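# An overview of the molecular structure
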Amino acid sequence: MRYEIILAPEAVEDLRHLKANVRSEVKDAIERHLRHQPTKTSKARIKRLRGLARPQFRLRVGDVRVFYDVEGDEVHVLAIVSKVKAEEWLERAGE
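Residues numbered from 1 in each chain as written. Predicted model: local features only at pLDDT ≥ 70, side-chain atom pairs only at ≥ 80, totals over all residues. Heavy atoms only, no water.

### Quick look at the side chain of arginine 35
Of note, arginine 35 is situated in the loop between α2 (20-34) and β2 (46-48). Relative accessible area serves as the criterion here: at 14%, arginine 35 is assigned to the buried category. Apart from residues lying up to four places away in sequence, arginine 35 is in contact with Met1, Arg2, Tyr3, Glu4, Ile5 and Ile30. (Helix = DSSP H or I, 4+ residues; strand = E, 2+ residues; numbered from the N terminus. Buried < 20%, exposed > 50% of the residue type's maximum accessible area, 1.4 Å probe, protein only. Contact = heavy atoms within 4.5 Å.)

### Structural notes on the sheet that holds strand β3 (residues 57-61)
Taking strand neighbours across the sheet as the criterion, the 5 strands line up as β1-β5-β4-β3-β2 in an open arrangement whose pairing is mixed. Two strands close off the open sheet at either side, each with one partner strand: β1 (4-7) and β2. Averaged over all adjacent pairs, the angle separating strand axes in this sheet is 30°, with direction ignored. Pairing analysis gives 4 bridges linking β1 to strand β5 (residues 74-82), with the strands arranged parallel. Note that in β5 the partner of glutamate 4 across the bridge is glutamate 74. In the packing of helix α1 (residues 9-16) onto the sheet, contacts are made with β1 and β5, and the angle to β5 comes to roughly 45°. Lying over the sheet, helix α3 (residues 83-93) contacts β4 (64-71) and β5, oriented at roughly 120° with respect to β5. (Pairing = 2+ DSSP bridges. Axes fitted to C-alpha atoms, helices over the stretch in contact; angles between N-to-C directions.)

### Details of the environment of threonine 41
Relative to the helices and strands, threonine 41 is located in the loop between α2 and β2. In sequence terms threonine 41 and aspartate 63 are 22 residues apart; their C-alpha atoms lie 18 Å from each other. If near-sequence neighbours (up to four positions away) are discounted, threonine 41 is found in contact with Ile46, Lys47, Arg48 and Phe57.

What follows is the structure in structure tokens.
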């Protein structure tokens, strides 16, 4: 199954603020991991977040974290933040 990837305005803005090489890595990882199996968890890459209704998942790409939800055949990327700011973002935006 092929999922449609939808970036929230905040995620688009986050992506713009990344360095070009990191932005490229993140785009590649989103395409590679979220396009076909966004709910397949692994020890290193994709983690199902517990205790939160939203976001449901986190994708790790180096020092960057991509938070997203899966609804039907759509992947909603909510935010793309550095590892350092991930906890702060979750406290502010997590539900």
